[in-house]
Amino acid sequence: MTDTANAPKASRRSVLKGAAALVGTSAFPAPFVHAQERVTLRYLSTAVNQSPAIAERASEDLGIDIEYIAVNTDEVPRRVITQPNSFDLVDSEYFSLPNLVPSGNMIGMDANRIDRIDDLASVIAKGTVDGKKVGWDGTAPHEVLYLEGQNATSFAAEPTEWITLIPTTYNADTLGLRPDLIDKEITSWASLLDPDFAGKTAILNIPSIGIMDAAMALQARGDITYGDKGNMTREEIDATIAALIEAKRAGQFRAFWSNFQESVNLMASGEVVLQSMWSPAVTAVRTQGIPCVYQPLKEGYRAWASGFGLPRTIEGRKQDAAYEFINWFLSGWAGAHLSKQGYYAAVLDTAKEFMEPYEWAYWYEGEAAAQDIMSPDGRLLEEAGAVRDGGSYEERMGAVAAWNAVMDENQYMVRKWNEFIAA
Amino acid sequence: MTHAADTDAAVRTGRTAARGRRKGRRRGSAIAPYLQAAPMALVFLIFFVLPLAATVLVSFWQYTQYSIEPAFTAQNYGDVFYGCLRDLPNLCTTFRTYLSTLKFGLIVWAATLVIGFTIAYFLAFHVRTLKVQVILFIICTIPFWTSIVIRMISWIPLLGRNGLVNQTLLFMGAIDTPLEGLLYSDFAVILAMVHLYTLFMVVPIFNSLMRIDRALIEAARDAGATGFQTLAFVILPLAKPGILIGSIFVVTVVMGDFLTIGIMGGQQIASVGKVIQTQMQFLQFPLAAANAVILLVAVLGGVWALLRLVDIRKEL
C-alpha cells in the first residue's frame, strides 16, 4: 500500500527534476545570473519580533532582503500548518512545536551548518541557568529542541544533529502593576485573585497562556497543586476553570486582553492596576510617562522562547540564505539590538560584544544604570540609576517556574475556556 | 351579424399576429435577464456558495491539533451541544452564549428601531430641502468614518473609570465613586452597537417614508385623524418594509458580531463569533465550521420569522 502510494510520487518528482535540469542546460548563463541575484527571505512571525532595523542591517551585511510577514501569535502556527509555502523562515514560539512538528511541514535544521550551535544559552539548550535546573513545567524549549532525523515528526530525547528551532529571543513574564494606584506590596501571583483588586485585574485571553497565569495564581493561593501547570489533567482544568468562573462572577476581572496594544491601553488608562503582561508592554506604558512595574514574584516567572524554523519546501539558494541569515542573527548585532528592548539574546557572548558595558550591566547583570538607558531607536527608557525589574539574567531566567505550553488536553481546555468566557 | 363576425375574426387574427410577434421578440430576449444577472450570480457562487458548501462539508470532518481529515461524523455538532441535555435545567455554554447574543439582538433592535425611525421621520417629513437631507444623512454615517479599533479605543477616555462621563458626574456631585459599569459591561456593548447600527435602520426606513404619498397624510388629517392616529394607522403600516429590511440588517449583524462585544465587553462577554474565533485559533476548523453552520441556521430562522410578519414582495 505504502509502496504503491510512493511510487508515482517518486517518479513525478524525478520528472520534475529532469525538467529542471533541462531548463538549466538550455538557459546556459542562468546559474551565473542566479548567483548574483539578491535573495529575498519571507520571514513569518508576530509583529513584535520584526524589527525594521534588523532587516536593514541584514540587507547591508549579507545582501539578503528580509520581507516581513506580520501575523498574530495564534496565526503563526496556523500559517505553518495550512500554508507552508507562504514563507521561507518562521520565527515561532517553542510551545507551538508539539503541533507543528507532527504536521510534517517543518524540516530539521542541520546543526553542523549553525556556527554557534554550542554557544546557545543553556536555559534554551539544557533548561539550566548557571548549571542549575529551572522550572520545566509546560513546553520547555530543550524538550522540543531536537528531532530524531531531518524529516522526523517526533522529538528526540537526546541532543541530535537536527534542530527544530534556533532561538531568537526569550524572556520571563510576570505581573505588571501600577505602583501609583496600589498601596499593597505585591509578592505573589495570588494577588491576581485578591478581592482588594476586584474589578481592577486582567488576564490574557489567549486560552493556553491565560490558564497558566490562572494556575500560577491558584497554586500560589494554595487552592490547587498542579502536577504540571503546562500540561494539566482534565480534573486540573475543571478545577482551574471553576475557580476562574467564581472569580469572574465576583467581578474580579476588569477585562481580558488578547494583544499587546490592549494590555498597554488597559494599564495606561488605569482601568487595570494589576495584570499579566509582556515585558515590552510595560516599557510601552512607561514611555508614556506612566509608572509601571514588572513585578518579580516569589513563585517565579512564566517564560517563553521563540526561534527560527525552516519550512519543508525550502531549498537551494533560499536555504543557503536562510542559514546565512540565522548565523548572522546569532553573531551579535541582532542579539544586542533585541537585548536593548528587554528581550534576551540566544547567544549571550556575541550580544555582549555589540553592547556598551553599561548597557550590558543594566540589562543582564541587574546593576544600576551608569548612564541613561536608550532604546535602539533613541528614546529614553530609563534614567541613570535605574535598576531592571527582577534584576539580573540569572535571577530572572533562573526563577522560571513554567514555560508557555500547548497541553495534551488542549481541545478540552479550549472548550472549558469558552465555558468560562460564557459564564 | 356576418359583418360583426367578420370584424370579430379580423380582430382575432390581428391579435394572434400581434401575440406571435410579441412571442418571437420575447424568445429572442429571454436570455437577456439571465445574462444581466450572471455576473452577480457568479460572484455569489464563487465567494458565497462555494465557501459555504466547504464550511458545511468541513463541519463533518475530523481534526487533530495539527490536521483536519475528511470524514463524515456528527461528532462536532455533538461537541457544540456538549452537556446541553445533561446539565438541564442549567444552561450549557452554547445555549448560554446564544441567549446572551439573542438578548443583545433584541435590545439593540428595539433601540435602533425607535431611534432610527425617529431620525428617519425627522429627515423625511420635517426637513424640507434635499440638500439639508443629504447633509444630515452624511452626519449619520460619521461613526463609519474611522476604523473599528480606533472607535473602540476612543470609548475608554469617555466611559472609563477616569473617563469624561465619570469625572463630570463626580464633579457635579451626582456620584461619590466612579461608575464601573459604564465600560466593559452589557451597557457598553449595547451603547456601541446602537451607535453603530442605527444607520442600518435609518436608511431603509427613510426610503420607505419618502415613498409615502403626501396626499395620504393630508387625507388622514382632513378625515379628522390626530397626529398619533396618522402615525399609527397611515405612516407605520406604510413604513413596514423599511422597518423590516432595517431589522434584518441589525439582527443579522448583531448575531454575528464578535469584535464589538469583545472589545466593549472587555472580552468577558461570550458571543458565538468569539467562540468560533477561539476555535479557529486552535486549528479546530471542523468544530468552528459546525458552530458557523448552527449560527447560520439560527440567523436564517430569525430572518424567516421576520419575513412571516411582512410580505416584503408585495410591499415592494
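Rules used throughout
Residues numbered from 1 in each chain as written. Chains lettered and ligands numbered in written order. Predicted model: local features only at pLDDT ≥ 70, side-chain atom pairs only at ≥ 80, totals over all residues. Heavy atoms only, no water. Helix = DSSP H or I, 4+ residues; strand = E, 2+ residues; numbered from the N terminus. Rg over C-alpha atoms; globule rule 2.2 N^0.38 Å. Buried < 20%, exposed > 50% of the residue type's maximum accessible area, 1.4 Å probe, protein only. Contact = heavy atoms within 4.5 Å. Areas by Shrake-Rupley, 256 points an atom, 1.4 Å probe, with all protein chains shown as cover. Domains from an automatic or database assignment. Buried area = accessible area lost by both parts, 1.4 Å probe. Salt bridge = Lys/Arg side-chain N within 4 Å of Asp/Glu carboxyl O. Polar contact = N/O pair within 3.5 Å; in protein donor to acceptor, adjacent residues only side chain to side chain. Nonpolar A, V, L, I, M, F, W, Y, C, P; charged D, E, K, R; others polar. Axes fitted to C-alpha atoms, helices over the stretch in contact; angles between N-to-C directions. Left-handed = near helix turned anticlockwise from the far one by under 90°. Pairing = 2+ DSSP bridges. Disulfide = S-S within 2.5 Å. Phe/Tyr/Trp six-rings, centres within 6.5 Å; stacked < 30°, edge-to-face > 60°. Core = buried A, V, L, I, M, F, W, Y, C linked by side-chain atoms within 4.5 Å.

1. Digging into the overall build of chain A
Now for step 1: A count of helices and strands for chain A gives 16 helices and 20 strands.
Now for step 2: On C-alpha atoms alone, chain A measures out to a radius of gyration of 23 Å, which is about the 22 Å that the 2.2 N^0.38 rule sets for 423 residues.
Now for step 3: Reported as C-alpha extents along the three principal axes, the dimensions of chain A are approximately 75 × 55 × 40 Å.
Now for step 4: Within chain A, the proportion of its 423 residues that are buried is 57%.
Now for step 5: For chain A, the share of sequence-separated contacts (at least 6 apart) that also reach a separation of at least 24 residues comes to 69%.
Now for step 6: Surface summary for chain A: the accessible area is close to 17300 Å², and the carbon and sulfur share equals 50%.

2. Notes on the domain arrangement of chain A
Residue and element names in this part refer to chain A.
Now for step 1: As assigned here, chain A comprises domain 1 (36-164 + 304-330) and domain 2 (173-300 + 399-422).
Now for step 2: A straight line from the C-alpha centre of domain 1 to that of domain 2 covers 28 Å.
Now for step 3: The contact between domain 1 and domain 2 buries some 1400 Å² in all, and 58% of this surface belongs to carbon and sulfur atoms.
Now for step 4: For the domain 1 face of the interface with domain 2, the top three residues by lost area are Phe95, Asp137 and Trp304, together amounting to 43%.
Now for step 5: On the surface where domain 1 and domain 2 come into contact, there are 1 salt bridge.
Now for step 6: In this structure, lysine 229 engages aspartate 137 in a salt bridge whose closest nitrogen and oxygen atoms are separated by 3.7 Å.
Now for step 7: If you look at where domain 1 meets domain 2, you find 6 residue pairs in polar contact (both at pLDDT 80 or more).
Now for step 8: Taken together, the elements giving at least two residues each to the side of domain 1 that touches domain 2 come down to strand S8 (137-138) and strand S16 (301-311).
Now for step 9: A breakdown of the residues in the side of domain 1 that touches domain 2 according to their chemical character gives 8 nonpolar, 5 polar and 3 charged.

3. Details of the packing of helix H16 (residues 410-422) of chain A against helix H4 (residues 93-126) of chain B
Now for step 1: Between H16(A) and H4(B), the shortest axis-to-axis distance is 9 Å and the interhelical angle comes to 40 degrees. Between H16(A) and H4(B) the crossing geometry is left-handed. Where H16(A) abuts H4(B), its residues A:Asn418, A:Glu419 and A:Ala422 lie against B:Thr93, B:Arg96 and B:Thr97.
Now for step 2: When the residues that make up the contact of H16(A) with H4(B) are grouped by side-chain class, the tally is 1 nonpolar, 3 polar and 2 charged.

4. A few points about the pairing of strand S3 (residues 89-93) of chain A
Residue and element names in this part refer to chain A.
Now for step 1: By the criterion of burial, S3 is predominantly enclosed, with 5 of the 5 residues buried.
Now for step 2: Burial of the side chains of S3 extends over both faces: Leu89, Asp91 and Glu93 are buried on one face and Val90 and Ser92 on the other.
Now for step 3: Here S3 runs beside S16; their pairing, made up of 4 bridges, is antiparallel. Its bridge partner being in S16, serine 92 is matched across the sheet by glycine 307.

5. Here we look at the state of the cysteines
All names here are of chain B.
Now for step 1: By the definition in use, this model includes 1 disulfide over all chains.
Now for step 2: Between cysteine 84 and cysteine 92 runs a disulfide, and the two sulfur atoms are separated by 2.0 Å. Taking the sign of the torsion about the S-S bond as the criterion, the disulfide between cysteine 84 and cysteine 92, at about 75 degrees, is right-handed.
Now for step 3: Residue classification places cysteine 84 among the buried positions, given a relative accessible area of 4%.

6. So, the pattern of salt bridges
Now for step 1: In total, this model carries 25 salt bridges over all chains according to the counting rule given.
Now for step 2: Close ionic contact of A:Asp88 with A:Lys318 constitutes a salt bridge, the shortest N to O distance being 2.9 Å. Residue A:Asp88 is located in the loop between helix H4 (75-82) and S3, and its partner A:Lys318 is located in helix H11 (residues 316-329); the two are separated by 230 residues in the primary sequence.
Now for step 3: Residue A:Asp88 is classed as buried on the basis of its relative accessible area of 4%.
Now for step 4: In this structure, B:Lys103 engages B:Asp186 in a salt bridge whose closest nitrogen and oxygen atoms are separated by 2.8 Å. With B:Lys103 in helix H4 and B:Asp186 in helix H9 (residues 186-210), the pair connects residues that are 83 residues apart, well separated along the chain.
Now for step 5: The exposure class assigned to B:Asp186 is partly exposed, which follows from its relative accessible area of 32%.
Now for step 6: Shared partners join several salt bridges into a network, and the residues in it are A:Arg254, A:Glu271, B:Arg161 and B:Glu180.

7. As for the side chain of A:Thr139
Now for step 1: For A:Thr139, the location among the structural elements is in the loop between S8 and strand S9 (146-147).
Now for step 2: Dropping the residues within four chain positions of it, A:Thr139 is found in contact with A:Tyr94, A:Phe95, A:Pro98, A:Val144, A:Trp403, A:Asn404, A:Ala405 and A:Val406.

8. Considering the interface of chain B and chain A
By a widely used convention, the size of an interface equals the accessible area lost when the partners come together.
Now for step 1: Each partner contributes to the interface: chain B provides 32 residues, whereas chain A provides 39 residues.
Now for step 2: For the chain B and chain A pair, buried surface summed over both sides reaches about 3200 Å², with 51% attributable to carbon and sulfur atoms.
Now for step 3: Contact with chain A buries area across many residues of chain B, yet B:Gln65, B:Arg161 and B:Gln268 alone supply 23% of it, more than any other trio.
Now for step 4: At the boundary of chain B and chain A, one finds 2 salt bridges.
Now for step 5: B:Asp79 serves as the salt-bridge partner of A:Arg415, at 3.5 Å between the closest nitrogen and oxygen.
Now for step 6: Linking chain B with chain A are 11 residue pairs in polar contact (both at pLDDT 80 or more), by the criterion used here.
Now for step 7: Of all the secondary structure elements, the ones that give two or more residues to the side of chain B that touches chain A are H4 and helix H13 (272-281) of chain B.
Now for step 8: Ranked by the residues each element gives to the side of chain B that touches chain A, the list is headed by H13(B), at 6 residues.
Now for step 9: Looking at side-chain class alone, the side of chain B that touches chain A contains 14 nonpolar, 13 polar and 5 charged residues.

9. Some points on the packing of aromatic side chains
Residue and element names in this part refer to chain A.
Now for step 1: Under the definition given, this model contains 31 aromatic pairs over all chains.
Now for step 2: Consider the rings of tyrosine 362 and tryptophan 363, whose centres lie 4.9 Å apart with planes at 80 degrees: the pair is edge-to-face.
Now for step 3: By relative accessible area, tryptophan 363 is classed as buried at 7%.
Now for step 4: Residues tyrosine 364 and tyrosine 393 carry aromatic rings whose centres are separated by 5.8 Å and whose planes lie at 35 degrees to one another, so their mutual orientation is tilted. Taken together, the residues tyrosine 364 in helix H14 (residues 357-365) and tyrosine 393 in helix H15 (residues 393-398) connect sequence positions 29 residues apart. The two residues tyrosine 364 and tyrosine 393 agree in class, both being buried.

10. Digging into the nonpolar core
Most often, soluble globular proteins have nonpolar side chains that are buried together.
Now for step 1: In terms of nonpolar packing, the biggest core is built from 86 residues, with A:Val123, A:Tyr170, A:Phe325, A:Met397 and A:Trp403 touching the most fellow members.
Now for step 2: A:Phe325 has contacts with A:Leu41, A:Tyr43, A:Ile54, A:Ala58, A:Leu62, A:Ile64, A:Ile66, A:Leu89 and A:Phe308, leaving out every residue within four places of it along the chain.
Now for step 3: In this structure, B:Phe104, B:Val127, B:Ile156 and B:Val194 belong to the second largest nonpolar core, which totals 58 residues.

11. Observations concerning the environment of A:Glu315
Residue and element names in this part refer to chain A.
Now for step 1: Note on placement: glutamate 315 falls in the loop between S16 and H11.
Now for step 2: Relative accessible area serves as the criterion here: at 61%, glutamate 315 is assigned to the exposed category.
Now for step 3: Separated by 65 residues in the primary sequence, glutamate 315 and leucine 380 have C-alpha atoms spaced 43 Å apart.

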